[in-house]
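Commentary on secondary and tertiary structure
Okay, here's what each chain looks like letter by letter:
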Amino acid sequence: MADTFQTQIVAILPKLRVQALALTRNRAQAEDLVQDAVCNALGARDSFIPGTNFAAWMHRILRNRFISDLRKRRATTDIDDLPGDMLSSKADHEDRLAVKDLSFALARLPADQREALVLVVLQGMSYQELAEATGCAVGTVKSRVFRARRQLEAWMMGELPESDRLRQQAMALRHAVEERRKHFDNRPVVTNAAVV
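Analysis parameters
- Residues numbered from 1 in each chain as written.
- Predicted model: local features only at pLDDT ≥ 70, side-chain atom pairs only at ≥ 80, totals over all residues.
- Heavy atoms only, no water.
- UniProt positions renumbered as here; feature names shortened; annotations may be inferred.
- Salt bridge = Lys/Arg side-chain N within 4 Å of Asp/Glu carboxyl O.
- Helix = DSSP H or I, 4+ residues; strand = E, 2+ residues; numbered from the N terminus.
- Buried < 20%, exposed > 50% of the residue type's maximum accessible area, 1.4 Å probe, protein only.
- Phe/Tyr/Trp six-rings, centres within 6.5 Å; stacked < 30°, edge-to-face > 60°.

For the chain, an unreviewed UniProt entry supplies the name RNA polymerase sigma factor and the organism Acetobacter aceti. In the Sequence similarities (unreviewed entry) part of its UniProt record, the chain is described as follows: "Belongs to the sigma-70 factor family. ECF subfamily."

Here you go:
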């Protein structure tokens, strides 16, 4: 049983990392959270009932560890702490702007909504599995995902209060991209050593 248990832990690590990053919004803290959750799971392996949903059990351990750590710290992570490579892209400026806007918007979601959205939409977890992992009703999980999607859509369409920091950052970034585009659009095009 120990070998199967450890194999299941290794197999679920990528999904735990995604969940941890969605909760912490900080890569180093996410790795620490996964490590702590795995240690907790190894310590509690006798309480796992073979044949039950291992993924839900692990996600619940990770989520409970996050909540416990949060209660101890009472601190939040700012989007500015997110590693720059999480927001980088080799796509064009508009795509990068959309990714930045989405990252800002995701960071603003309440932790329970962000977690539900990431696990259901990106990880493909069913509502039932997420409900088991978080210890809440399936209807609550559906509501969290629905509210997160609706809020993201509103924010991405620009429906933010004028005084909102997110709106100010997004507008400043959008303005900078437009200025660069104007600069490049106004440059003369050189072909065969002739200016067109």
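Evaluation of the coordinates by the stated rule reveals five salt bridges. In this structure, aspartate 36 and arginine 65 form a salt bridge, with 3.4 Å as the shortest nitrogen-oxygen distance. Of this pair, aspartate 36 sits in helix α2 (residues 27-43) while arginine 65 sits in helix α3 (residues 54-73), and the two are 29 residues apart along the sequence. Judged by relative accessible area, aspartate 36 falls into the partly exposed class, the value being 24%. Judged by relative accessible area, arginine 65 falls into the partly exposed class, the value being 22%.

What follows is about the packing of aromatic side chains. Overall, the coordinates contain six aromatic pairs when judged by the stated rule. Considering the side-chain rings of phenylalanine 5 and phenylalanine 54, the 5.5 Å spacing of their centres and the 85° angle between planes classify their relative orientation as edge-to-face. Remark: phenylalanine 54 occurs in helix α3 and phenylalanine 5 occurs in helix α1 (residues 2-24); sequence separation between them is 49 residues. Using a relative accessible area of 7% as the deciding quantity, one classes phenylalanine 54 as buried. Relative to phenylalanine 54, the ring of phenylalanine 48 has its centre 5.2 Å away and its plane inclined at 90°; by these criteria the two rings are edge-to-face. In this structure an aromatic cluster arises from ring pairing among Phe5, Phe48, Phe54 and Trp57.

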